[in-house]
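What the coordinates show
Residue-level listing of the chains:
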Amino acid sequence: VWSCGINHHGQLARATSTSIESANVAVCPELSDIVKISCGSNFSLFLKRDGTVLSCGENNIGQLCRNLDPGISYHYRPVVIPNLYDVVSIATGASSSFFVRGNGTVMSGGNNYYSQLCREAISASNLKLNFDSIPDLVSVVDIFAGENSTFILKGDGTLLSSGQNNTWSLGGDV
């Protein structure tokens, strides 16, 4: 994996906050066997061939889905997310993370202010929702996330949506 750009929060997986600006790219030495990458506002997820996922960058609202020291907001080294395995697809919103597992279930974590984690919205004073499975969501084959909205593709072709809908981005009435 190669990366470049602003790295103030560690989202480039370079084990430092040094940015790699302009057209220069640099290798991410700690990343190998990566099959998919998804980037949120200031964080990144990396899906490995073996179905595990690494995360790094900003974690101000739990989007890295790891038990981390709450006093440290930025994590510069990509580390495997514990208790997450058999992942076949990943997606990121602005500050939320999604994982489709081989059995068709979905796990999510991070910001849920607009119900983008496919759960009931929570108060603005406690935006973070614990990293967990989404109840009653099965037979999922892929997931796509926008800034504050989420689309879920099920095996039968059904498309579900959740999250902010103030501009009809979810395809229905506000």
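Heads up: the structure comes first, above all this text.
Now for a description of the structure that goes with this document. Since the model is a prediction, treat every value here as computed from it, not as a measurement. (Residues numbered from 1 in each chain as written. Predicted model: local features only at pLDDT ≥ 70, side-chain atom pairs only at ≥ 80, totals over all residues. Heavy atoms only, no water.)

**Some points on unusual backbone geometry**
- Positive phi, normally seen in glycine, also occurs at Asn83, with a value near 60°.
- Topologically, Asn83 is positioned in the loop between β6 (74-80) and β7 (87-92).
- A relative accessible area of 69% means that Asn83 is categorised as exposed.
- With phi around 55°, Asp86 is a residue other than glycine that occupies positive phi space.
- As for its position among the elements, Asp86 is in the loop between β6 and β7.
- Owing to a relative accessible area of 40%, Asp86 belongs among the partly exposed residues under this scheme. (Helix = DSSP H or I, 4+ residues; strand = E, 2+ residues; numbered from the N terminus. Buried < 20%, exposed > 50% of the residue type's maximum accessible area, 1.4 Å probe, protein only.)

**Considerations on the nonpolar core**
- Of all hydrophobic cores here, the largest spans twelve residues; its members are Phe43, Leu45, Leu47, Val53, Leu64, Cys65, Ile81, Leu84, Val87, Ile90, Phe99 and Met107.
- Listed by contribution, the elements that provide at least two residues to this core are β4 (43-48) and β7.
- With three residues, β4 is the largest single contributor of residues to this core.
- Core analysis: the next-biggest nonpolar cluster, separate from the first, contains nine residues, Val100, Val106, Ile134 and Ile152 among them. (Core = buried A, V, L, I, M, F, W, Y, C linked by side-chain atoms within 4.5 Å.)

**What to know about the side chain of Ser97**
- Its location among the elements puts Ser97 in strand β8 (residues 96-101).
- Looking at Ser97, its side chain comes within polar contact range of the main-chain oxygen of Gln63, at 2.6 Å. (Polar contact = N/O pair within 3.5 Å; in protein donor to acceptor, adjacent residues only side chain to side chain.)

**Considerations on the pairing of strand β13 (residues 159-163)**
- Pairing of strand β12 (residues 149-154) with β13, which is carried by five bridges, proceeds in the antiparallel orientation. Looking across to β13, one finds that Ser149 is bridged to Gly163.
- Taken together, β12 and the strand that follows it, β13, pair antiparallel across an intervening segment of four residues, in which Gly157 is found at a positive phi of about 90°. (Pairing = 2+ DSSP bridges.)

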